[in-house]
Structure formats: structure tokens, C-alpha cells
Amino acid sequence: MKFKSIITSHHDLKKNGYKILRKLHKLEKRDNLAGIYSHFCPEGYFVVLACKNLAEILAMQYSSCDRPYIQTFLMRTERFITYIDTIAHEHIRVNPALLSNYLSSYTEFFNRVAEDRIEFTVDKEILAKWNIGCIMAYTAVWGNR
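Residues numbered from 1 in each chain as written. Predicted model: local features only at pLDDT ≥ 70, side-chain atom pairs only at ≥ 80, totals over all residues. Heavy atoms only, no water.

**Student:** How do you make sense of the side chain of Lys 14 when you look at a structure like this?
**Tutor:** Assignment of secondary structure puts Lys 14 in helix α1 (residues 10-29). No salt bridge is formed by the buried Lys 14; its nearest oppositely charged neighbour, Glu 115, is found at 10 Å. Excluding anything up to four places from it in sequence, Lys 14 contacts Tyr 106, Thr 107, Phe 110 and Asn 111. (Helix = DSSP H or I, 4+ residues; strand = E, 2+ residues; numbered from the N terminus. Buried < 20%, exposed > 50% of the residue type's maximum accessible area, 1.4 Å probe, protein only. Lys, Arg positive; Asp, Glu negative; His and termini not counted. Salt bridge = Lys/Arg side-chain N within 4 Å of Asp/Glu carboxyl O. Contact = heavy atoms within 4.5 Å.)

**Student:** Sorry if this is basic, but what is going on with helix α5 (residues 96-116) here?
**Tutor:** In an α-helix there are 3.6 residues to a turn, and that puts residues three or four apart on one side. Compared with the 30 Å implied by 1.5 Å per residue over 21 residues, the 30 Å span of α5 between its first and last C-alpha is a close match. Considered for burial, the residues of α5 that qualify are Leu 99, Tyr 102, Leu 103, Ser 105, Tyr 106, Phe 109, Phe 110 and Val 113. Down the axis of α5, the buried set is contained in an arc of 165°. They therefore lie on one face. For α5, the exposed residues set more than 90 degrees away from the buried face come down to Glu 108 and Glu 115. Where α5 begins, the capping side chain belongs to Asn 95, and its oxygen is found 3.0 Å from the backbone nitrogen of Ala 97. (Expected span 1.5 Å × (residues − 1). Arc of directions from axis to C-beta. Polar contact = N/O pair within 3.5 Å; in protein donor to acceptor, adjacent residues only side chain to side chain.)

**Student:** Just to check I follow, could you spell out the packing of aromatic side chains for this structure?
**Tutor:** Each aromatic ring pair is characterised by the separation of its centres together with the angle its planes make. If you walk through the whole model with that rule in mind, you get eleven aromatic pairs. Centre to centre, the rings of Tyr 106 and Phe 110 are 5.0 Å apart; their planes meet at 65°, and the pair counts as edge-to-face. With Tyr 106 and Phe 110 both in helix α5 and four residues apart, this pair spans about one turn of that helix. Considered together, Tyr 106 and Phe 110 belong to a single accessibility category, that of buried residues. A connected cluster of aromatic rings, assembled from ring pairs, spans Tyr 18, Tyr 62, Tyr 69, Phe 73, Phe 80, Tyr 102, Tyr 106, Phe 109 and Phe 110. Here the guanidinium or amino end of Arg 112 rests over the ring plane of Tyr 69, the centre of that ring lying 4.1 Å away. (Phe/Tyr/Trp six-rings, centres within 6.5 Å; stacked < 30°, edge-to-face > 60°. Lys NZ or Arg CZ within 6 Å of the ring centre and 35° of its normal.)

Below, the structure written as C-alpha cells:
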């Protein structure tokens, strides 16, 4: 799967982040739990780290905005990451309904951000978090798939 290493817009962040989340759903449906949870480091499972780093990028990019839907989505993201971390430690499946609901809210969030024309700022910290935290953690679990 190809990722853009330089994120320049909301659209890039939306599409690349969705690839990470969608892959989690696909592999959970295939009963490949042993493969997913066999890749870990001292910070945790790589599948969770990719999602955590994506959530941190979302927080860095959007937490300064004062719109209520942004704060609501960021809180929902934190709860989702906590849920993913919990199921990873127990080596169980993700609830497809929860994942589906989160993916829907993820899409709605970015559509609304685009409508509101919120400015997207790119800095070295976000790019480093994306390349090292998200892409490398994703590649550690799934390789080029």
C-alpha cells in the first residue's frame, strides 16, 4: 500500500489515515489475530502504535480549533484508541460495529473540516510523527500490503 510521506492537506491526512484504520478492519475479519499481535515493541503493539500516532497527529493539527465537533471527535478518537489498546492486550477481535462507527465519524469529521476550510499547517513535528510513528509502525506489521 502506498502512503504519501509528505502530508500537505486535510485530504492527504484523511486518505492515508483511513488506509491504516481500514487495514485493521480487514485483518480482524480474516482471523489473523496471531499475525497482528505478534509484532510488538516496548511501547506496545505496532498495530496500536500506528493508530495512536495517527490520533496524536489529529490532536496536534486540530486541537487548537475551537469548534465543538472537533473537540468531540478528538475525544471519540481517544476512546477508540483506548479500546484498540485494550483488545490488543487481550488478543481479541475488534467489534466491527465500533470500528465501522469510528470510520464513519472519521469520514464525516474530515468532510466537515473541508467544508469549514480550516487551515492545514504542516510542520516538521507532524511529518516526523507521520513518517516514523504511523508509516513505520504500519510497515512493521503489514509490510507493503
